[in-house]
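Examination of the molecular architecture
Here's the letter readout for the chains.
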Amino acid sequence: MLAGVLPGIGLANASPAKRRVPFGAALEYRHFINDPDYTALFVNHCDMIFPMNALKWDALQGAPGEFNYLPAEGIVSFAETLGRGTYGHTFVWWNALPAWVEKIDSAAKAEEVLVSHVQNVAAHFAARVPSWDVVNEVVAHDPVNEGPWRDSLWMRLLGPSHVDIAFAAAAEAAPGAELAINDYDLEFRGARYDARRTAMLDLVRRLQDKGLRVDTVGIQGHLYPEVPIGHEELERFITDLKALGVGYRITEIDVIDWKLPRDASRRDDMAAEHVGNFLDAAFSAELPRSVSTWGLSDRYSWIPDVMPHRRGGKNRPLPFDENLKPKPMYEVIQRYLAS
Ligand code: XIL
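The following paragraphs examine the structure supplied in this document. Everything quoted here is computed from the prediction, not taken from an experiment.

To continue, consider the pattern of salt bridges. Counted under the stated rule, the structure contains 24 salt bridges. A salt bridge links R30 to E28, with the shortest nitrogen-to-oxygen separation between them at 3.7 Å. Residue D268 is joined to R316 by a salt bridge in which the shortest nitrogen-to-oxygen separation is 2.8 Å. One end of the pair, D268, is in helix 13 (residues 264-285); the other, R316, is in the loop between helix 14 (303-306) and helix 15 (328-337), with 48 residues separating them in the sequence. Residue D268 shares its accessibility class with R316, and that shared class is buried. By sharing partners, the salt bridges in this structure join D268, D298, R316 and K327 into a single network.

Turning next to the site of the ligand. In the vicinity of the ligand, the residues found are M52, N53, K56, H89, W93, N136, E137, Q220, H222, E252, W294 and W302. The contact in question runs from an oxygen atom of the ligand to an N or O atom on the side chain of Q220, over 3.3 Å. Within the side chain of E252, one N or O atom sits 2.9 Å away from an oxygen atom of the ligand. Protein coverage of the free-state accessible area of the ligand, which is 420 Å², stands at 76%. When its residues are assigned to classes, the shell around the ligand shows four nonpolar, five polar and three charged.

Since the α-helix packs 3.6 residues into each turn, any two residues three or four apart lie on the same face. In this model, helix 7 (residues 107-125) (19 residues) spans 27 Å end to end at C-alpha, consistent with the 27 Å of a helix rising 1.5 Å per residue. Buried within helix 7 are the following residues: A110, V113, L114, H117, V118, V121, A122 and F125. Viewed along the axis of helix 7, the buried residues span an arc of 145 degrees, placing them on a single side of the element. The exposed set on the far side of helix 7, more than 90 degrees from its buried face, consists of A108 and A123. Among the residues trailing helix 7, A126 stands out with phi positive, at a value near 40 degrees.

Glancing now at unusual backbone geometry. Here the bond from H89 into T90 is cis, since omega is 10 degrees, no more than 30 degrees from zero. Inspection of the secondary structure assignment puts T90 in strand 3 (residues 88-93). Looking along the chain, the bond that leaves G147 and enters P148 is cis, with omega of -5 degrees. Within the secondary structure, P148 is located in the loop between helix 8 (143-146) and helix 9 (153-158). Phi at A126 is positive, roughly 40 degrees, even though this residue is not glycine. With respect to the helices and strands, the residue A126 is situated in the loop between helix 7 and strand 4 (131-136). Phi at D185 takes a positive value of approximately 55 degrees, unusual for a residue other than glycine. Along the chain, the position of D185 falls in the loop between strand 5 (178-183) and helix 11 (191-209). D185 sits in the buried class, given a relative accessible area of 5%.

Counting 99 residues, the largest nonpolar core has W132, W154, F167, F237 and F283 as its most contacted members. The element that contributes the greatest number of residues to this core is helix 13, accounting for eight residues. Those residues in contact with F167 that sit more than four places away from it in its chain are V134, V135, L179, A180, I181, L207, L212, R213 and V214. Core analysis: the next-biggest nonpolar cluster, separate from the first, contains seven residues, F50, M52, A180 and W294 among them.

This brings us to the packing of helix 10 (residues 161-173) against helix 11. The description of two helices packed together rests on the angle between their axes and the distance between the axes. Taken N-terminus to C-terminus, the directions of helix 10 and helix 11 make an angle of 60 degrees; their axes are 11 Å apart at the nearest point. Classified by the angle their axes make, helix 10 and helix 11 are oblique. By crossing handedness, the relation of helix 10 to helix 11 is classed as right-handed. Each of S161, V163, D164 and F167 in helix 10 lies in contact with helix 11, whose residues at this interface are L203, R206 and L207. Residue composition of the contact of helix 10 with helix 11, grouped by class: four nonpolar, one polar and two charged.

Glancing now at the pairing of strand 1 (residues 23-27). Of all five residues in strand 1, five are buried, a share of seventy percent or more. Where strand 1 lies against strand 2 (residues 48-51), four bridges are found, and the strand directions are parallel. Bridge pairing in strand 2 links L27 to P51.

Before going further, it helps to examine helix 12 (residues 231-243). Between the first and last C-alpha of helix 12 there are 18 Å, a value that for 13 residues agrees with the 18 Å anticipated at 1.5 Å per step. By the burial criterion, the buried members of helix 12 are L234, F237, I238 and L241. All buried residues of helix 12 lie within an arc of 90 degrees about the axis, which places them on one face of the element. Structural note: helix 12 exposes E232, R236 and A243 on the side pointing more than 90 degrees away from its buried face. Structurally, helix 12 contributes buried residues whose contacts are with helix 11, strand 6 (216-219), strand 8 (247-255) and helix 13. Immediately downstream of helix 12, the backbone of G245 shows phi near 80 degrees, a positive value.

Each value, and the rule that gives it
Within each chain, residues carry numbers counting from 1 in the order of the written sequence. Local features in this predicted model are restricted to residues of pLDDT 70 or higher, and side-chain atom pairs are both shown and tallied only at a pLDDT of 80 or more, whereas totals for entire chains, interfaces and linings draw on every residue. Note that water and hydrogens are dropped before the side-chain values are worked out from all heavy atoms of the structure. By salt bridge we mean one thing: a side-chain nitrogen of Lys or Arg within 4 Å of a carboxyl oxygen of Asp or Glu. We count a stretch as a helix when DSSP gives it H or I for four or more residues in a row; a strand needs E for two or more, and each element gets its number in order from the N terminus. Working definition: with a 1.4 Å probe on protein chains only, accessible area under 20% of the residue-type maximum means buried, over 50% means exposed, and in between means partly exposed. Throughout, near means a residue has at least one heavy atom within 4 Å of the molecule or strand. Any pair of nitrogen or oxygen atoms within 3.5 Å is treated as a polar contact; in protein, a donor-acceptor pairing is required on top of that, and neighbouring residues in sequence qualify only through side-chain atoms on both sides. Accessible surface is estimated by sampling points in the Shrake-Rupley manner with a 1.4 Å probe; for residues, cover comes only from the protein chains shown. Classification convention: Asp, Glu, Lys, Arg as charged; Ala, Val, Leu, Ile, Met, Phe, Trp, Tyr, Cys, Pro as nonpolar; all other residues, Gly among them, as polar. The span you would expect from a helix comes to 1.5 Å times its residue count less one. Starting at the helix axis, one direction is taken to each C-beta atom, and the arc is that of these directions. Nonpolar cores are built from buried Ala, Val, Leu, Ile, Met, Phe, Trp, Tyr and Cys residues. Side-chain atoms within 4.5 Å join them into one set. Any pair of residues with heavy atoms lying within 4.5 Å of one another is described as a contacting pair. Here the axes come from fitting lines to C-alpha atoms, over the contacting stretch only for helices, and the angles between their N-to-C directions go from 0 to 180 degrees. Note that the term roughly parallel is reserved for angles under 35 degrees, roughly antiparallel for angles over 145, roughly perpendicular for angles of 65 to 115, and oblique for everything else. Definitions for this section: a left-handed crossing has its near helix turned counterclockwise from the far helix by less than a right angle. A right-handed crossing has that turn clockwise. Only strands joined by at least two bridges in the DSSP assignment are considered to pair.

Here you go:
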(Lines give C-alpha, C1' and ligand atoms only; values in the text may rest on other atoms or scores of the structure.)
Protein backbone atom coordinates (compact mmCIF):
# COMPACT_ATOMS: atom_id res chain seq x y z
CA MET A 1 0.00 0.00 0.00
CA LEU A 2 2.74 2.45 0.92
CA ALA A 3 4.59 1.88 -2.33
CA GLY A 4 1.44 2.82 -4.21
CA VAL A 5 0.77 5.95 -2.22
CA LEU A 6 4.33 7.06 -1.78
CA PRO A 7 6.58 6.04 -4.62
CA GLY A 8 10.19 6.19 -3.50
CA ILE A 9 9.44 6.52 0.21
CA GLY A 10 10.47 3.47 2.19
CA LEU A 11 9.79 2.68 5.80
CA ALA A 12 13.52 2.74 6.56
CA ASN A 13 13.82 6.50 6.21
CA ALA A 14 10.37 7.18 7.53
CA SER A 15 10.91 7.46 11.24
CA PRO A 16 10.74 10.91 12.79
CA ALA A 17 13.06 12.10 15.54
CA LYS A 18 12.38 11.04 19.14
CA ARG A 19 10.43 13.69 20.93
CA ARG A 20 9.22 14.13 24.50
CA VAL A 21 5.88 15.39 23.20
CA PRO A 22 4.49 13.85 19.99
CA PHE A 23 4.14 16.06 16.92
CA GLY A 24 1.15 15.59 14.63
CA ALA A 25 -0.66 17.19 11.73
CA ALA A 26 -4.08 17.06 10.10
CA LEU A 27 -4.12 15.60 6.61
CA GLU A 28 -6.81 16.32 4.01
CA TYR A 29 -7.77 13.17 2.10
CA ARG A 30 -7.66 14.83 -1.33
CA HIS A 31 -4.04 15.82 -0.89
CA PHE A 32 -3.14 12.51 0.75
CA ILE A 33 -4.30 10.76 -2.42
CA ASN A 34 -3.09 13.24 -5.03
CA ASP A 35 0.15 14.72 -3.74
CA PRO A 36 2.74 12.10 -2.73
CA ASP A 37 5.45 14.68 -1.98
CA TYR A 38 3.12 16.41 0.44
CA THR A 39 2.11 13.14 2.05
CA ALA A 40 5.78 12.19 2.36
CA LEU A 41 6.26 15.27 4.54
CA PHE A 42 3.85 13.74 7.08
CA VAL A 43 5.71 10.44 6.92
CA ASN A 44 9.00 12.15 7.56
CA HIS A 45 7.95 14.51 10.32
CA CYS A 46 4.85 13.37 12.17
CA ASP A 47 4.35 11.07 15.15
CA MET A 48 0.59 11.47 14.67
CA ILE A 49 -1.25 11.65 11.33
CA PHE A 50 -4.99 12.28 11.39
CA PRO A 51 -7.87 13.19 9.10
CA MET A 52 -8.53 16.91 8.73
CA ASN A 53 -12.08 16.60 7.39
CA ALA A 54 -12.74 12.89 6.74
CA LEU A 55 -14.10 12.24 10.26
CA LYS A 56 -16.53 15.14 10.18
CA TRP A 57 -20.23 14.34 10.01
CA ASP A 58 -20.86 15.33 6.37
CA ALA A 59 -17.93 13.23 5.20
CA LEU A 60 -19.06 10.15 7.17
CA GLN A 61 -22.85 10.18 7.02
CA GLY A 62 -23.95 12.26 4.05
CA ALA A 63 -27.33 10.47 3.98
CA PRO A 64 -29.17 8.98 6.97
CA GLY A 65 -27.68 5.63 7.94
CA GLU A 66 -25.29 5.56 4.96
CA PHE A 67 -21.76 5.68 6.24
CA ASN A 68 -18.75 6.27 3.99
CA TYR A 69 -15.62 5.28 5.86
CA LEU A 70 -13.28 5.11 2.91
CA PRO A 71 -11.40 8.45 3.21
CA ALA A 72 -11.07 8.31 7.00
CA GLU A 73 -10.12 4.66 6.84
CA GLY A 74 -7.43 5.48 4.28
CA ILE A 75 -5.70 7.97 6.57
CA VAL A 76 -6.17 5.97 9.78
CA SER A 77 -4.72 2.81 8.22
CA PHE A 78 -1.90 4.82 6.70
CA ALA A 79 -0.95 6.07 10.17
CA GLU A 80 -1.30 2.53 11.55
CA THR A 81 0.86 1.01 8.82
CA LEU A 82 3.58 3.50 9.65
CA GLY A 83 3.26 2.87 13.39
CA ARG A 84 2.10 6.45 14.01
CA GLY A 85 -0.63 7.73 16.23
CA THR A 86 -3.88 9.21 14.99
CA TYR A 87 -6.77 11.34 16.29
CA GLY A 88 -10.54 11.57 15.85
CA HIS A 89 -11.89 14.99 14.82
CA THR A 90 -14.86 15.25 15.52
CA PHE A 91 -18.30 13.91 16.56
CA VAL A 92 -20.23 17.10 17.33
CA TRP A 93 -19.65 20.41 15.57
CA TRP A 94 -21.88 23.32 14.50
CA ASN A 95 -20.37 23.05 11.02
CA ALA A 96 -19.95 20.27 8.43
CA LEU A 97 -23.48 18.99 8.91
CA PRO A 98 -25.22 17.46 5.88
CA ALA A 99 -28.56 18.92 4.69
CA TRP A 100 -30.57 16.04 6.15
CA VAL A 101 -29.25 16.78 9.65
CA GLU A 102 -29.82 20.54 9.23
CA LYS A 103 -33.48 19.71 8.54
CA ILE A 104 -34.06 17.87 11.83
CA ASP A 105 -36.64 19.78 13.86
CA SER A 106 -37.31 17.83 17.03
CA ALA A 107 -35.27 17.18 20.15
CA ALA A 108 -36.10 13.48 20.12
CA LYS A 109 -34.89 13.02 16.54
CA ALA A 110 -31.75 15.10 17.18
CA GLU A 111 -30.83 12.97 20.18
CA GLU A 112 -31.49 9.72 18.34
CA VAL A 113 -29.38 10.75 15.35
CA LEU A 114 -26.56 12.12 17.49
CA VAL A 115 -26.30 8.98 19.61
CA SER A 116 -26.44 6.66 16.63
CA HIS A 117 -23.76 8.64 14.77
CA VAL A 118 -21.38 8.47 17.75
CA GLN A 119 -22.12 4.77 18.25
CA ASN A 120 -21.59 3.88 14.63
CA VAL A 121 -18.37 5.84 14.14
CA ALA A 122 -16.82 4.85 17.47
CA ALA A 123 -17.67 1.19 16.89
CA HIS A 124 -16.24 1.26 13.38
CA PHE A 125 -12.84 2.45 14.52
CA ALA A 126 -12.96 0.87 17.99
CA ALA A 127 -9.51 1.03 19.59
CA ARG A 128 -7.85 2.15 16.36
CA VAL A 129 -8.68 5.78 17.04
CA PRO A 130 -7.44 6.31 20.60
CA SER A 131 -8.75 9.86 21.13
CA TRP A 132 -11.87 11.70 20.04
CA ASP A 133 -12.86 15.34 19.96
CA VAL A 134 -16.32 14.54 21.28
CA VAL A 135 -17.39 18.15 20.85
CA ASN A 136 -15.74 20.90 18.83
CA GLU A 137 -16.31 24.65 19.30
CA VAL A 138 -19.29 24.58 21.66
CA VAL A 139 -18.21 27.66 23.65
CA ALA A 140 -19.74 30.93 22.40
CA HIS A 141 -17.42 33.08 20.28
CA ASP A 142 -18.00 35.92 22.72
CA PRO A 143 -19.38 34.55 25.99
CA VAL A 144 -19.52 38.08 27.46
CA ASN A 145 -22.31 39.03 25.05
CA GLU A 146 -23.72 35.81 23.69
CA GLY A 147 -22.60 33.09 26.05
CA PRO A 148 -21.77 30.75 27.33
CA TRP A 149 -22.77 28.34 24.56
CA ARG A 150 -22.26 28.68 20.86
CA ASP A 151 -25.34 28.59 18.67
CA SER A 152 -25.73 25.41 16.64
CA LEU A 153 -28.40 23.03 15.46
CA TRP A 154 -27.63 20.90 18.51
CA MET A 155 -28.02 23.85 20.89
CA ARG A 156 -31.30 24.93 19.30
CA LEU A 157 -32.85 21.47 19.55
CA LEU A 158 -31.28 20.01 22.69
CA GLY A 159 -29.69 22.90 24.59
CA PRO A 160 -26.49 22.31 26.56
CA SER A 161 -27.58 18.73 27.23
CA HIS A 162 -26.38 17.80 23.72
CA VAL A 163 -22.85 17.92 25.09
CA ASP A 164 -23.80 15.55 27.94
CA ILE A 165 -25.55 13.25 25.46
CA ALA A 166 -22.47 13.18 23.22
CA PHE A 167 -20.09 12.46 26.11
CA ALA A 168 -22.30 9.73 27.51
CA ALA A 169 -22.62 8.09 24.07
CA ALA A 170 -18.86 8.35 23.45
CA ALA A 171 -17.96 6.91 26.85
CA GLU A 172 -20.18 3.94 26.15
CA ALA A 173 -19.23 3.39 22.51
CA ALA A 174 -15.49 4.08 22.90
CA PRO A 175 -14.78 3.05 26.51
CA GLY A 176 -11.01 2.95 26.12
CA ALA A 177 -10.67 6.18 24.18
CA GLU A 178 -9.55 9.57 25.41
CA LEU A 179 -12.49 11.96 25.29
CA ALA A 180 -11.83 15.61 24.51
CA ILE A 181 -13.44 19.02 24.18
CA ASN A 182 -11.74 21.07 21.47
CA ASP A 183 -11.99 24.83 21.04
CA TYR A 184 -10.32 28.03 19.81
CA ASP A 185 -9.35 31.44 21.29
CA LEU A 186 -8.27 29.99 24.62
CA GLU A 187 -4.73 31.41 24.62
CA PHE A 188 -5.00 35.20 24.24
CA ARG A 189 -5.07 38.16 26.63
CA GLY A 190 -8.35 40.03 26.99
CA ALA A 191 -11.86 39.94 28.45
CA ARG A 192 -13.41 37.85 25.68
CA TYR A 193 -10.68 35.24 26.04
CA ASP A 194 -10.97 35.22 29.84
CA ALA A 195 -14.68 34.54 29.39
CA ARG A 196 -13.95 31.72 26.95
CA ARG A 197 -11.52 30.07 29.39
CA THR A 198 -14.06 30.41 32.18
CA ALA A 199 -16.81 28.93 29.99
CA MET A 200 -14.57 26.00 29.12
CA LEU A 201 -13.74 25.30 32.77
CA ASP A 202 -17.46 25.52 33.62
CA LEU A 203 -18.23 23.08 30.84
CA VAL A 204 -15.67 20.59 32.18
CA ARG A 205 -17.16 20.91 35.68
CA ARG A 206 -20.67 20.52 34.32
CA LEU A 207 -19.77 17.21 32.67
CA GLN A 208 -17.90 16.00 35.74
CA ASP A 209 -20.82 16.90 38.01
CA LYS A 210 -22.97 14.67 35.85
CA GLY A 211 -20.50 11.83 36.29
CA LEU A 212 -19.21 12.10 32.71
CA ARG A 213 -15.56 11.58 31.90
CA VAL A 214 -13.55 14.35 30.20
CA ASP A 215 -9.90 13.48 29.64
CA THR A 216 -8.49 16.43 27.74
CA VAL A 217 -9.17 19.88 26.42
CA GLY A 218 -7.86 20.62 22.94
CA ILE A 219 -6.45 24.11 22.60
CA GLN A 220 -6.66 24.68 18.87
CA GLY A 221 -3.97 27.35 18.59
CA HIS A 222 -5.12 29.31 15.54
CA LEU A 223 -2.89 32.26 16.34
CA TYR A 224 -3.24 35.93 15.42
CA PRO A 225 0.12 37.70 15.85
CA GLU A 226 -1.71 41.00 16.44
CA VAL A 227 -3.40 39.48 19.50
CA PRO A 228 -0.99 38.93 22.39
CA ILE A 229 -0.74 35.56 24.07
CA GLY A 230 -1.96 35.74 27.67
CA HIS A 231 1.04 34.02 29.24
CA GLU A 232 -0.21 33.97 32.84
CA GLU A 233 -3.80 33.45 31.72
CA LEU A 234 -2.99 30.38 29.64
CA GLU A 235 -0.73 28.97 32.33
CA ARG A 236 -3.51 29.43 34.86
CA PHE A 237 -6.08 27.83 32.57
CA ILE A 238 -3.95 24.72 32.06
CA THR A 239 -3.25 24.55 35.80
CA ASP A 240 -6.99 24.83 36.53
CA LEU A 241 -7.69 22.00 34.09
CA LYS A 242 -5.02 19.91 35.78
CA ALA A 243 -6.69 20.50 39.15
CA LEU A 244 -9.85 19.04 37.64
CA GLY A 245 -7.88 16.00 36.49
CA VAL A 246 -8.00 17.08 32.84
CA GLY A 247 -4.96 17.16 30.53
CA TYR A 248 -4.56 19.13 27.33
CA ARG A 249 -3.40 18.91 23.75
CA ILE A 250 -2.49 21.60 21.28
CA THR A 251 -4.50 20.53 18.28
CA GLU A 252 -4.63 22.93 15.33
CA ILE A 253 -1.69 25.36 15.22
CA ASP A 254 -1.46 27.76 12.34
CA VAL A 255 -0.67 31.47 12.14
CA ILE A 256 -3.24 33.82 10.68
CA ASP A 257 -0.73 36.15 9.06
CA TRP A 258 -3.23 38.36 7.24
CA LYS A 259 -2.02 41.55 8.93
CA LEU A 260 1.71 40.79 8.94
CA PRO A 261 4.15 42.53 6.55
CA ARG A 262 4.34 41.28 2.97
CA ASP A 263 8.03 40.35 3.15
CA ALA A 264 8.03 36.56 3.45
CA SER A 265 11.08 36.10 5.63
CA ARG A 266 10.02 38.82 8.08
CA ARG A 267 6.59 37.30 8.16
CA ASP A 268 7.99 33.82 8.82
CA ASP A 269 10.13 35.15 11.67
CA MET A 270 7.20 36.94 13.27
CA ALA A 271 4.97 33.86 12.93
CA ALA A 272 7.65 31.66 14.48
CA GLU A 273 8.11 34.09 17.35
CA HIS A 274 4.40 34.09 18.04
CA VAL A 275 4.18 30.30 18.02
CA GLY A 276 7.16 30.30 20.42
CA ASN A 277 5.33 32.67 22.81
CA PHE A 278 2.30 30.40 22.74
CA LEU A 279 4.25 27.19 23.35
CA ASP A 280 6.31 28.88 26.03
CA ALA A 281 3.21 29.82 28.01
CA ALA A 282 1.55 26.41 27.59
CA PHE A 283 4.65 24.34 28.29
CA SER A 284 5.50 26.34 31.40
CA ALA A 285 2.24 25.10 32.96
CA GLU A 286 2.44 21.45 31.95
CA LEU A 287 3.53 19.38 28.96
CA PRO A 288 0.71 18.81 26.47
CA ARG A 289 -0.11 15.27 25.35
CA SER A 290 0.69 16.30 21.78
CA VAL A 291 1.20 19.31 19.56
CA SER A 292 -0.42 19.29 16.14
CA THR A 293 -0.61 21.72 13.26
CA TRP A 294 -3.63 22.19 10.99
CA GLY A 295 -1.99 20.95 7.83
CA LEU A 296 1.77 20.96 7.47
CA SER A 297 2.79 23.09 4.50
CA ASP A 298 1.63 26.46 3.14
CA ARG A 299 0.72 24.55 -0.02
CA TYR A 300 -2.66 23.69 1.51
CA SER A 301 -4.45 25.60 4.27
CA TRP A 302 -7.89 26.94 5.08
CA ILE A 303 -6.44 30.36 6.04
CA PRO A 304 -6.26 31.85 2.50
CA ASP A 305 -9.96 31.00 2.05
CA VAL A 306 -11.17 32.70 5.20
CA MET A 307 -8.46 35.21 6.18
CA PRO A 308 -6.38 36.05 3.09
CA HIS A 309 -3.27 38.21 3.43
CA ARG A 310 -4.41 41.81 3.41
CA ARG A 311 -1.49 43.23 1.46
CA GLY A 312 -1.67 40.85 -1.44
CA GLY A 313 0.82 38.32 -0.10
CA LYS A 314 0.21 34.61 -0.13
CA ASN A 315 -0.57 33.29 3.36
CA ARG A 316 2.27 31.47 5.12
CA PRO A 317 0.45 29.90 8.12
CA LEU A 318 2.25 26.58 8.56
CA PRO A 319 5.65 25.11 9.53
CA PHE A 320 6.71 24.21 5.96
CA ASP A 321 6.58 26.52 2.94
CA GLU A 322 4.75 25.68 -0.24
CA ASN A 323 7.85 23.98 -1.59
CA LEU A 324 7.83 21.76 1.49
CA LYS A 325 10.93 23.39 3.00
CA PRO A 326 10.98 23.92 6.78
CA LYS A 327 10.41 27.46 8.02
CA PRO A 328 11.51 29.04 11.33
CA MET A 329 8.15 27.98 12.80
CA TYR A 330 9.12 24.35 12.36
CA GLU A 331 12.39 24.86 14.24
CA VAL A 332 10.61 26.63 17.09
CA ILE A 333 8.01 23.87 17.47
CA GLN A 334 10.67 21.16 17.42
CA ARG A 335 12.70 22.95 20.08
CA TYR A 336 9.75 22.60 22.46
CA LEU A 337 9.02 19.02 21.55
CA ALA A 338 12.57 17.65 21.62
CA SER A 339 13.57 15.38 24.48
C1 XIL B 1 -11.51 23.40 8.45
C2 XIL B 1 -10.73 22.67 7.36
O3 XIL B 1 -9.37 22.98 7.45
C4 XIL B 1 -11.28 23.03 6.00
O5 XIL B 1 -10.66 22.22 5.00
C6 XIL B 1 -12.79 22.82 5.98
O7 XIL B 1 -13.29 23.26 4.74
C8 XIL B 1 -13.47 23.53 7.10
O9 XIL B 1 -12.89 23.15 8.33
N10 XIL B 1 -11.42 24.68 13.43
C11 XIL B 1 -11.64 23.32 13.32
C12 XIL B 1 -11.40 22.63 12.03
O13 XIL B 1 -11.92 22.66 14.33
O14 XIL B 1 -12.23 21.51 11.86
C15 XIL B 1 -11.53 23.59 10.86
O16 XIL B 1 -11.10 22.89 9.69
C17 XIL B 1 -10.72 24.83 11.08
C18 XIL B 1 -11.14 25.55 12.31
